[in-house]
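If you want the building blocks of each chain, they are given just below.
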Amino acid sequence: MARQIEIIQKEILDSIASDENLAAMNSTSKVAFYRLITYIVAFSAWTLEKLFDIHKKEIDTAIYEQKSGRPSWYKNMALAFQHGFDLVVDTDKFDNTGYTDDQIEASKIIQYCSVKESAESNRLIIKVASEHDDLLTPLTDIEITSFTQYLNEIKYAGVKINVVNNPADLLRLDMDIYIDVLVIDENGNSIVNGGKPVENAIKSYMKSLPFDGELVINDLIEKLRAVDGVINAHIKTAESSYYDTLTVAYLPFAPINVKTIPVAGYFEIVNFDNVSYVV
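Read on for an overview of the structure. (Residues numbered from 1 in each chain as written. Predicted model: local features only at pLDDT ≥ 70, side-chain atom pairs only at ≥ 80, totals over all residues. Heavy atoms only, no water.)

## Some thoughts on the packing of helix α6 (residues 197-208) against helix α7 (residues 217-225)
Applicable threshold: Axis definition: a line fitted to C-alpha atoms, limited for helices to the stretch in contact. Angles are taken between N-to-C directions and run from 0 to 180 degrees. Secondary structure elements follow DSSP: runs of H or I of four or more residues count as helices, runs of E of two or more count as strands, with numbering from the N terminus. An angle below 35 degrees is treated as roughly parallel, one above 145 as roughly antiparallel, one from 65 to 115 as roughly perpendicular, and anything else as oblique. Throughout, a crossing is termed right-handed when the near helix is turned clockwise from the far one, and left-handed when it is turned anticlockwise from it by less than a right angle. Between two residues, a contact is recorded if the distance between any of their heavy atoms is within 4.5 Å. For this scheme, ten residues count as nonpolar: Ala, Val, Leu, Ile, Met, Phe, Trp, Tyr, Cys and Pro. Four count as charged, namely Asp, Glu, Lys and Arg, and the remainder, Gly too, count as polar.
Packing of α6 against α7 leaves a shortest axis separation of 9 Å and a crossing angle of 140°. Put simply, α6 runs oblique to α7. Crossing hand, α6 versus α7: right-handed. Residues Val198, Ala201, Ile202, Ser204 and Tyr205 of α6 pack against Asp219, Leu220, Lys223 and Leu224 of α7. Partitioned by chemical class, the residues of the contact of α6 with α7 number 6 nonpolar, 1 polar and 2 charged.

Now the structure itself:
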């Protein structure tokens, strides 16, 4: 770990003080020329040590993630998938010969991925999603077929994989927002800035959730309470519904107690019709 600049400079100054040939360099002024020189040297040494720390972290991460067969390896391989490209024979690398950087980047259709081990069935659960117009979306039938074939080619023998490529879980909120009418009007609009800050805060919280991360009701309430003009927030009910691939339909809404992880890996808010503003 990089030492502090002050510690490095003190070591240099202590070395100067202990050298009889440098006895004349004894000014205590912070702007003494030799002290400024020692600071420059100390800052340079600190910068180099910080670079060493960054390099070590990068190496450690590379070593950790390159271990084939780990969930992190499967995640990296999923994100590296290139739709429409073929693999180099007997490798897990795509053949990009003759293609531009833009074409290669555009072929990487999987923008989000989560890989977890299922305790019940001894298999890997790989959740994926693409992105269009700043919204998370499932892969198309052709894309998911291609991706599944890719996984079958690169996966370790005997590993069972379940790919989840569902439309977003639906989220329905019924809440009372207690407002300061000097800041927010009875329709939820910001009087000074316009727009609906409460709805924006909900969207912001949803967007900040990591893919396949937990939605925590108390965290959402905390986010809402931080909105300028919101005195308090009461979520009366929070419900979610996920897409059932067997029935090819969304299941009935079920209550969220404290927290939940979306089956698809991400949520879509149904609407804000049940957000009531209370004076």
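Moving on from the coordinates now.
## Looking at the environment of isoleucine 269
For isoleucine 269, the position within the fold is in strand β12 (residues 267-269). For the pair isoleucine 269 and isoleucine 184, spaced 85 residues apart in sequence, the C-alpha separation works out to 22 Å. Leaving out residues up to four positions away in the same chain, isoleucine 269 has contacts with Leu171, Ile202 and Met206.

## A short note on the layout of surface pockets
Left-over empty space is what a probe sized like a water molecule reveals as it rolls over the atoms. Under the convention used in this document: A pocket, in this scheme, is an open set of points on a 1 Å grid over the protein atoms alone with protein on both sides within 12 Å along at least 5 of 7 lines, while a cavity is a set where a 1.4 Å probe fits but cannot get out; residues line either one if an atom lies within 4 Å of a point. Grid points are joined across faces, edges and corners, and a volume is the space filled by probe spheres set on the points.
One number sums up the size of the largest pocket: a volume of about 620 Å³. Taken together, 22 residues line the largest pocket, and the ones lying closest to its centre are Leu135, Leu136, Met206, Lys207 and Phe267. Put simply, the parts of the chain that give the lining of the largest pocket at least two residues each are β3 (135-137), α6 and β12. Split by residue class, the lining of the largest pocket holds 14 nonpolar, 3 polar and 5 charged.

## Some remarks on the nonpolar core
As a reminder, the rule being used: The nonpolar core is taken to be a set of buried Ala, Val, Leu, Ile, Met, Phe, Trp, Tyr and Cys residues, with the residues joined through side-chain atoms within 4.5 Å. Partly exposed describes any residue whose relative accessible area lies between the buried limit of under 20% and the exposed limit of over 50%, with all areas from a 1.4 Å probe on protein chains only and scaled to the type maximum.
Grouped together as the largest cluster of nonpolar side chains are 29 residues, with contacts concentrated most on Ile177, Ile202, Met206 and Leu224. Residues in contact with isoleucine 202, not counting those within four places in the same chain, are Leu173, Met175, Leu220, Leu224, Ile269 and Phe272. Counting residues in hydrophobic clusters, the runner-up holds 22 residues, among them Trp73, Tyr74, Ile144 and Leu151.

## Section: the side chain of glutamate 49
Residue placement: glutamate 49 occurs in helix α2 (residues 33-65). When its relative accessible area of 18% is taken as the criterion, glutamate 49 is described as buried. Filtering out sequence-adjacent residues up to four positions away, glutamate 49 remains in contact with Met1, Ala2, Arg3 and Ile8.

## Quick look at the pattern of salt bridges
Counted only if it meets this: We define a salt bridge as a contact between a side-chain nitrogen of Lys or Arg and a carboxyl oxygen of Asp or Glu at a distance within 4 Å.
All chains considered together, the criterion is met by 10 salt bridges. Lysine 207 serves as the salt-bridge partner of aspartate 134, at 2.9 Å between the closest nitrogen and oxygen. A residue pair is termed long-range when its members are at least 10 positions apart, and aspartate 134 in the loop between β2 (123-132) and β3 and lysine 207 in helix α6 qualify at 73 residues. With its nearest N and O atoms 3.7 Å apart, the salt bridge here joins glutamate 214 to lysine 259. Of this pair, glutamate 214 sits in the loop between α6 and β6 (215-216) while lysine 259 sits in strand β11 (residues 259-260), and the two are 45 residues apart along the sequence. Take glutamate 214: its relative accessible area is 35%, and that puts it in the partly exposed class. What emerges from the salt-bridge pattern is a single network uniting Arg3, Glu11 and Glu49.

## Section: the packing of aromatic side chains
So the rule is basically this: Stacked, tilted and edge-to-face are the three classes assigned to paired rings of Phe, Tyr and Trp, where Trp is represented by its six-membered ring and a pair needs centres within 6.5 Å; plane angles under 30 degrees give stacked, over 60 edge-to-face, the rest tilted. Both a distance and an angle decide whether a charge sits over a ring: NZ of Lys or CZ of Arg must be within 6 Å of the ring centre and within 35 degrees of the ring normal.
A full pass over the atoms with the stated rule returns 13 aromatic pairs. Taking 5.6 Å as the distance between ring centres and 40° as the angle between the ring planes, the aromatic pair formed by phenylalanine 43 and tryptophan 46 counts as tilted. Residue phenylalanine 43 and its partner tryptophan 46 are located together in helix α2, separated by 3 residues, close to a single helical turn. Note on phenylalanine 43: relative accessible area 37%, which makes it partly exposed. Classification of tryptophan 46 by relative accessible area gives partly exposed; the value is 26%. Between tyrosine 112 and phenylalanine 211, the ring centres sit 5.8 Å apart and the planes meet at 35°, which makes this aromatic pair tilted. Of the two residues, tyrosine 112 sits in strand β1 (residues 112-118) while phenylalanine 211 sits in the loop between α6 and β6, which places them 99 residues apart along the sequence. Assessed through its relative accessible area of 25%, tyrosine 112 is described here as partly exposed. A relative accessible area of 15% places phenylalanine 211 in the buried class. Members of the aromatic cluster, each reached through a chain of ring pairs, are Phe81, Phe94, Phe147 and Tyr150. Arginine 172 extends its terminal NZ or CZ atom over the ring of phenylalanine 253, reaching a point 3.9 Å from the ring centre.

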